[in-house]
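Per-entry structural report
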Amino acid sequence: MTTKNNTNTKTGWNFDNSYARLPKLFLTTLSLNPVRAPELIILNASLAISLGLDALSLQSNANIAVFAGNQVPEGALPLAQAYAGHQFGHFTMLGDGRALLLGEQITPLGERVDIGLKGSGRTPYSRGGDGRAALGPMLREYIISEAMHALGIPTTRSLAVVTTGDAVIRETEQSGAILTRIAASHLRVGTFQYAANWGTALDLRTLADYTLGRHFSGADTAENPYLFLLQEVIKRQAALIAHWQLVGFIHGVMNTDNMALSGETIDYGPCAFMDSYDPATVFSSIDKRGRYAYGNQPDIAAWNLARFAETLLPLLHVNQEQAVKLAESAIADFTRLYHDHWLAGMRGKLGLFNEEAQDEVLIENLLRMMQEHRADYTNTFRALTFNLLEDTDLFDSAEFSQWHAQWQARLDRQAEQKNVSRQWMQSNNPAIIPRNHRVEAALEAAVKQGDYSVMHRLLKVLSTPYAHSPEQAEYTTPPALSNCPYKTFCGT
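Every value quoted in this text rests on a predicted model; they were computed, and no experiment measured them. (Residues numbered from 1 in each chain as written. Predicted model: local features only at pLDDT ≥ 70, side-chain atom pairs only at ≥ 80, totals over all residues. Heavy atoms only, no water.)

Quick notes on the side chain of asparagine 17
Structurally, the position occupied by asparagine 17 is in the loop between β2 (15-16) and β3 (27-29). Classification of asparagine 17 as buried rests on a relative accessible area of 13%. In this structure the side chain of asparagine 17 is engaged in a polar contact, spanning 2.8 Å, whose partner is the backbone oxygen of glycine 75. Not counting residues up to four positions away in its chain, the partners in contact with asparagine 17 are Gly75, Ala76, Leu77, Leu102, Gly103 and Glu104. (Helix = DSSP H or I, 4+ residues; strand = E, 2+ residues; numbered from the N terminus. Buried < 20%, exposed > 50% of the residue type's maximum accessible area, 1.4 Å probe, protein only. Polar contact = N/O pair within 3.5 Å; in protein donor to acceptor, adjacent residues only side chain to side chain. Contact = heavy atoms within 4.5 Å.)

As structure tokens, then:
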């Protein structure tokens, strides 16, 4: 039997459950899977305040029980969402196998956000898994998602991590943990794939109308509201993927169930940030053929969006041929939209305010040289920002000297003075990213020694990535060269 939490007024929980009012096809309401001895490891106080929650009250035993999936706050209605997806190109039925949506918090600004638990136990969609999560991967998601937020990239966020007091078995026995994830919603491309494959036409329309109402204002005046939905999702994804590319972020598992229609980055499994610039960079241990490599991310996004468009065909037009034409035209816009965002972002990284026809050649030549000399992506742009061209293979090359002269001449041709361009570059080039070796060091200290100070220091410097402050300097160093390429794991 579910225990109700009577601390709502003090804490600020303000739940609604609009997703639960969708057709039952899309969800399964659930009882909880209590854990033995929950302990709060980290709480995101600033995020809590923005949600209308009292950070001190959230540290009470009653609310730690909420984060652990032992207790339901009043007004919440725990459920697991059903969805499908193409995983590495292969379609399958999925669903929240180890996640629980508590409900939707209505914030003081009137915004609606999902509050969900990740690692809270088995659901009907677990497909034989235990539904649990280990401490390391949950802390990893906390670190990376908060770093992405600080970088200005749309993302789900992390409110808290608790340990459960129970072990989970993966390659070894590990400490169990649960992460509380905040999202604009968990509506995915895969949610629509599920509706298109197992629902009725009415189910599909109901889901589309719900998505429009939740995320996309303006559909009521659109000539074709479902084409409007497709176009708006494409716009948000084009901007998101450009954000990723501009900071060297590699998602690692861009399956259709991991593409949120809200335009947020979701699911921080085998993700990582690129050190040396190379479009072929892959970190995920399960991506054997590089499907989700850094350089492939824009094309994969377009592929995923085409799968979304396919689900909407019955809504786009009564005539199948006309529906396909509308979908194809919309999808064709993605490449242009993405390219425009990326090119504007790259101009910002080089301090360029206006546009010239040869800008893209200038940018591509720099990236080509960076790849040839295995230059660090983040530090190269940081060095250019402050004109601190250190003794590296790239900066010592004659070709770079020629490029640098062309770049300086390009800066001279715009009205803005170079100190203004430098400020523009500083706001577009982060001083630091969550370097893989730094993240691993923080996780090792936390998981193996119970020392969370390394993680807290890392989170502090990552919270202001564009500050270029002295205390960030030690976190800018790339990892030492190794014969063993860095690999990431899903942590499922």
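Back to the write-up after that little detour.
Focus: the environment of serine 57
Mapped onto the elements of the fold, serine 57 is located in the loop between α2 (45-50) and α3 (61-67). Considered as a pair, serine 57 and lysine 10 are 47 residues apart in the sequence and their alpha carbons are 7.0 Å apart.

As for the environment of glutamine 414
Considering the arrangement of structural elements, one finds glutamine 414 in the loop between α12 (398-412) and α13 (418-428). The sequence separation of glutamine 414 and asparagine 354 amounts to 60 residues, and the corresponding C-alpha distance is 6.9 Å. If sequence neighbours within four positions are ignored, glutamine 414 has contacts with Gly351, Leu352, Phe353, Asn354 and Ser421.

Some remarks on unusual backbone geometry
Here phenylalanine 88, not a glycine, exhibits a phi torsion of approximately 50°, which is positive. For phenylalanine 88, a relative accessible area of 24% corresponds to the partly exposed category. Positive phi is not limited to glycine here, since arginine 127 has a value of about 50°. Looking at the element boundaries, arginine 127 is found in the loop between β10 (112-118) and β11 (133-134). Using a relative accessible area of 57% as the deciding quantity, one classes arginine 127 as exposed.

Here's the deal with the packing of helix α4 (residues 135-150) against helix α14 (residues 436-449)
The contact between α4 and α14 brings their axes to 10 Å, and the two run at 135°. Comparing the axis directions of α4 and α14 gives the class oblique. Between α4 and α14 lies a crossing whose hand is right-handed. Mapping the contact onto sequence places Leu135, Gly136, Leu139, Arg140, Ile143 and Ile144 in α4 and Val439, Glu440, Ala442, Leu443, Ala446 and Val447 in α14. Split into classes, the residues belonging to the contact of α4 with α14 amount to nine nonpolar, one polar and two charged. (Axes fitted to C-alpha atoms, helices over the stretch in contact; angles between N-to-C directions. Parallel < 35°, antiparallel > 145°, perpendicular 65-115°, else oblique. Left-handed = near helix turned anticlockwise from the far one by under 90°. Nonpolar A, V, L, I, M, F, W, Y, C, P; charged D, E, K, R; others polar.)

As for the environment of threonine 156
Residue placement: threonine 156 occurs in the loop between α4 and β12 (157-169). With relative accessibility at 1%, the residue threonine 156 sits in the buried group. With 112 residues separating them in the primary sequence, threonine 156 and tyrosine 268 have C-alpha atoms 9.4 Å apart.

Some points on the pairing of strand β4 (residues 39-43)
The element β4 is extensively covered by neighbouring structure, given that four of its five residues are classed as buried. Alignment of β4 against β12, held across four bridges, turns out to be antiparallel. Within β12, the residue paired with glutamate 39 across the bridge is threonine 163. (Pairing = 2+ DSSP bridges.)

As for the pairing of strand β8 (residues 90-93)
Looking at chain direction, strand β7 (residues 84-87) and β8 are connected through four bridges and run antiparallel. Note that in β8 the partner of alanine 84 across the bridge is methionine 93. Taking the residues between adjacent antiparallel strands as the criterion, β7 and β8 are bridged by two residues, where phenylalanine 88 takes a positive phi near 50°.

Things to note about the packing of helix α7 (residues 225-247) against helix α8 (residues 297-316)
As a packed pair, α7 and α8 sit with axes 10 Å apart at the nearest point and diverge in direction by 170°. The pairing of α7 with α8 is recorded here as roughly antiparallel in orientation. Between α7 and α8, the contacting residues are Tyr226, Leu227, Leu229, Leu230, Val233, Ile234, Gln237, Ile241, Trp244 and Gln245 on the first element and Gln297, Pro298, Ala301, Leu305, Phe308, Ala309, Leu312, Leu315 and Leu316 on the second. A class-by-class count of the residues in the contact of α7 with α8 yields 16 nonpolar, three polar and no charged.

Side note on the packing of aromatic side chains
If you walk through the whole model with that rule in mind, you get 17 aromatic pairs. Arranged with centres 5.4 Å apart and planes meeting at 20°, the rings of tryptophan 13 and phenylalanine 15 form a pair that is stacked. Judged by its relative accessible area of 13%, phenylalanine 15 falls in the buried class. With a centroid separation of 5.5 Å and an interplanar angle of 25°, the aromatic rings of phenylalanine 353 and tryptophan 424 are classed as stacked. Of this pair, phenylalanine 353 sits in the loop between α9 (320-349) and α10 (359-372) while tryptophan 424 sits in helix α13; the two residues are 71 residues apart in sequence, bridging distant segments of the chain. Judged by its relative accessible area of 33%, tryptophan 424 falls in the partly exposed class. Taken together, the aromatic side chains of Trp244, Phe249, Tyr268 and Phe273 make up a single cluster linked through ring pairs. Here the guanidinium or amino end of arginine 188 rests over the ring plane of tyrosine 83, the centre of that ring lying 4.1 Å away. (Phe/Tyr/Trp six-rings, centres within 6.5 Å; stacked < 30°, edge-to-face > 60°. Lys NZ or Arg CZ within 6 Å of the ring centre and 35° of its normal.)

A short note on the pattern of salt bridges
Side-chain pairs of opposite charge can arise where the charged atoms are in close proximity. Considering all chains together, one arrives at 29 salt bridges under this definition. Note that arginine 157 is salt-bridged to glutamate 146, the shortest N-O span being 2.7 Å. Here arginine 157, found in strand β12, pairs with glutamate 146, found in helix α4; they are eleven residues apart in sequence, far enough to count as distant. One salt bridge in this structure joins arginine 336 and aspartate 333, with 3.8 Å as the shortest N-O distance. Separated by three residues within a single helix, arginine 336 and aspartate 333 lie in helix α9, roughly one turn from each other. Judged by its relative accessible area of 44%, arginine 336 is partly exposed. (Salt bridge = Lys/Arg side-chain N within 4 Å of Asp/Glu carboxyl O.)

What to know about the nonpolar core
Ranked by internal contacts, the top residues of the largest apolar core, which has 150 residues, are Leu139 and Leu230. Ranked by residue count, the leading element in this core is α7, at 14 residues. In this view, leucine 139 contacts Ile41, Ile42, Val161, Leu443, Ala446, Tyr452 and Met455; residues no more than four positions away in its chain are not counted. (Core = buried A, V, L, I, M, F, W, Y, C linked by side-chain atoms within 4.5 Å.)

Details of the confidence of the model for the protein chain
Here the protein chain averages 95 in pLDDT, while 97% of its residues score no lower than 70. Every residue in residues 1-5 is under pLDDT 50, and counting partners more than four places away or in other chains gives 14 contacts. (pLDDT = per-residue confidence, 0-100.)

Quick look at helix α5 (residues 189-198)
Spacing of three or four residues puts side chains on the same side of an α-helix, whose turn is 3.6 residues. Summarising burial for α5: seven of the ten residues are buried, a large majority. Three or more residues of α5 are buried, namely Val189, Gly190, Thr191, Phe192, Gln193, Tyr194 and Ala195. On its buried face, α5 is in contact with β7, β8, α6 (201-215), α7 and α8.

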